[in-house]
Amino acid sequence: MKMTYRLDEASEIRGQTLVSETITLPEHECRGIVDCTLSNGTLRLAQTKGRPLIVRGTFENCDVRAVSPQRNYPLFKASFISCRFNGVFSGCDFGRSHDVERDGSFGAIAACDFTHAVLDGCRFFNVDISTLRLPMWPNIVLIGLLERAQEVTTFAWPGEMGRFMRICADQPASLAASVLHVPSFAGLVACTEDQVRTAFEKFGGLMM
């Protein structure tokens, strides 16, 4: 029988293998998901207070839905395989951290579909980007900036884009890609959306 798990402040799901279930991390803080596997199910991320806790969680062929925008959350301790992402993810990191983690290197992401998600300043570490389906315009995927750091420095970026792009190029080699949401990014760097698009088209080598 299919079940829906909705966690509260005192509850967690630990050490379970679940199939075709729905797990909701609600609006308030909760203890989260630890050492669990969910396949062919749904993970609903509604939490806006604190960070939803997912430690050594594996999600395979699941729908991952940001019911409310998920902000500044590193998902380095979760593995997502063949999942479909929906909703807004802002400042979120996916993959496996370049830092040494307390619980070891665990995170991964492969063969996932983000085409129905908004990725606003999200980063992918230690992953093969070619296995992912990333959103199209008005998202832009920044790749290979480390190897083009000198070009980034000398290119004539409009507004405040140059400062931002230099920061993007000065990242660990484990950073495979960053994804920007142009309407949000344009305001951040004091440019119009047309200026941002024109600059990226001239710079080239990016996924648009």
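The structure this text deals with has already been given above.
Described in the following lines is the structure provided in the data block.

About the criteria used
- Residues numbered from 1 in each chain as written.
- Predicted model: local features only at pLDDT ≥ 70, side-chain atom pairs only at ≥ 80, totals over all residues.
- Heavy atoms only, no water.
- Helix = DSSP H or I, 4+ residues; strand = E, 2+ residues; numbered from the N terminus.
- Buried < 20%, exposed > 50% of the residue type's maximum accessible area, 1.4 Å probe, protein only.
- Contact = heavy atoms within 4.5 Å.
- Areas by Shrake-Rupley, 256 points an atom, 1.4 Å probe, with all protein chains shown as cover.
- Phe/Tyr/Trp six-rings, centres within 6.5 Å; stacked < 30°, edge-to-face > 60°.
- Salt bridge = Lys/Arg side-chain N within 4 Å of Asp/Glu carboxyl O.
- Pairing = 2+ DSSP bridges.
- Core = buried A, V, L, I, M, F, W, Y, C linked by side-chain atoms within 4.5 Å.
- Polar contact = N/O pair within 3.5 Å; in protein donor to acceptor, adjacent residues only side chain to side chain.

**Looking at the overall build of the protein**
Turning to step 1, where the next piece is worked out: In terms of helices and strands, the protein carries four helices and 20 strands.
Turning to step 2, where the next piece is worked out: The 208 residues of the protein split such that 47% are buried.
Turning to step 3, where the next piece is worked out: Partitioning the intrachain contacts of the protein with sequence separation of at least 6 by distance along the chain shows that 42% fall at a separation of at least 24.
Turning to step 4, where the next piece is worked out: As presented, the protein carries roughly 10000 Å² of accessible surface, and 49% of it is formed by carbon and sulfur atoms.

**Quick look at the packing of aromatic side chains**
Turning to step 1, where the next piece is worked out: Inspection of the entire model under this criterion finds 16 aromatic pairs.
Turning to step 2, where the next piece is worked out: Ring plane angle 55° and centroid distance 4.5 Å describe the contact between Phe 155 and Trp 157, whose orientation is recorded as tilted.
Turning to step 3, where the next piece is worked out: Their ring planes at 65° and their centres at 4.8 Å tell us that Phe 164 and Phe 185 sit as a pair that is edge-to-face. Highlighted residues: Phe 164 in helix 2 (residues 161–169) and Phe 185 in helix 3 (residues 182–188), separated in sequence by 21 residues.
Turning to step 4, where the next piece is worked out: Residue classification places Phe 164 among the buried positions, given a relative accessible area of 19%.
Turning to step 5, where the next piece is worked out: Owing to a relative accessible area of 3%, Phe 185 belongs among the buried residues under this scheme.
Turning to step 6, where the next piece is worked out: Ring pairing ties together the aromatic residues Phe 59, Phe 80, Phe 85, Phe 89, Phe 94, Phe 114 and Phe 124, which thus form one cluster.

**A closer look at the pattern of salt bridges**
Turning to step 1, where the next piece is worked out: Enumeration over the complete set of coordinates arrives at eight salt bridges.
Turning to step 2, where the next piece is worked out: For Asp 35, the salt bridge identified is with Arg 56, shortest N-O distance 2.6 Å. With Asp 35 in the loop between strand 5 (32–34) and strand 6 (37–39) and Arg 56 in the loop between strand 8 (54–55) and strand 9 (57–60), this residue pair connects regions lying 21 residues apart in the sequence.
Turning to step 3, where the next piece is worked out: Residue classification places Asp 35 among the partly exposed positions, given a relative accessible area of 33%.
Turning to step 4, where the next piece is worked out: In this structure Arg 56 comes out as partly exposed when scored by relative accessible area, which is 26%.

**A look at the pairing of strand 19 (residues 139–142)**
Turning to step 1, where the next piece is worked out: Side chains Asn 139 and Val 141 project from strand 19 onto one buried face, and the interleaved Ile 140 and Leu 142 project onto a second face that is buried too.
Turning to step 2, where the next piece is worked out: Here four bridges tie strand 19 to strand 20 (residues 175–181), and the two strands are oriented antiparallel to one another. Bridge assignment links Leu 142 to a residue of strand 20, and that residue is Ser 178.

**Section: the nonpolar core**
Turning to step 1, where the next piece is worked out: Phe 80, Phe 85 and Phe 124 are the most contacted members of the largest nonpolar core, which has 37 residues in total.
Turning to step 2, where the next piece is worked out: Elements represented by at least two residues in this core include exactly strand 4 (22–25), strand 7 (42–45), strand 10 (63–66), strand 13 (78–81), strand 14 (84–90), strand 17 (113–120), strand 18 (122–125) and strand 20.
Turning to step 3, where the next piece is worked out: Here this core takes three residues from strand 17, the largest share from any one element.
Turning to step 4, where the next piece is worked out: The residues contacting Phe 85, other than those within four sequence positions of it, are Val 64, Phe 80, Phe 94, Ile 109, Cys 112, Asp 113, Phe 114, His 116 and Ala 117.
Turning to step 5, where the next piece is worked out: In this structure, Trp 157, Met 161, Leu 180 and Leu 206 belong to the second largest nonpolar core, which totals 21 residues.

**Notes on the environment of Arg 56**
Turning to step 1, where the next piece is worked out: Remark: the alpha-carbon pair of Arg 56 and Ala 78, spanning 22 residues in sequence, is separated by 5.4 Å.
Turning to step 2, where the next piece is worked out: Among the polar contacts made by the side chain of Arg 56, one reaches the side chain of Asp 35 at a distance of 2.6 Å.

**A short note on unusual backbone geometry**
Turning to step 1, where the next piece is worked out: Here Trp 137 and Pro 138 are connected by a cis peptide whose omega angle stands at 15°.
Turning to step 2, where the next piece is worked out: In this structure, Pro 138 sits in the loop between strand 18 and strand 19.
Turning to step 3, where the next piece is worked out: At Asn 72, a residue that is not glycine, the phi angle is positive and equals roughly 55°.
Turning to step 4, where the next piece is worked out: Structurally, the position occupied by Asn 72 is in the loop between strand 11 (70–71) and strand 12 (74–75).
Turning to step 5, where the next piece is worked out: At Ala 190, a position not held by glycine, the phi torsion is positive, near 55°.
Turning to step 6, where the next piece is worked out: As for its position among the elements, Ala 190 is in the loop between helix 3 and helix 4 (193–203).
Turning to step 7, where the next piece is worked out: A relative accessible area of 58% means that Ala 190 is categorised as exposed.

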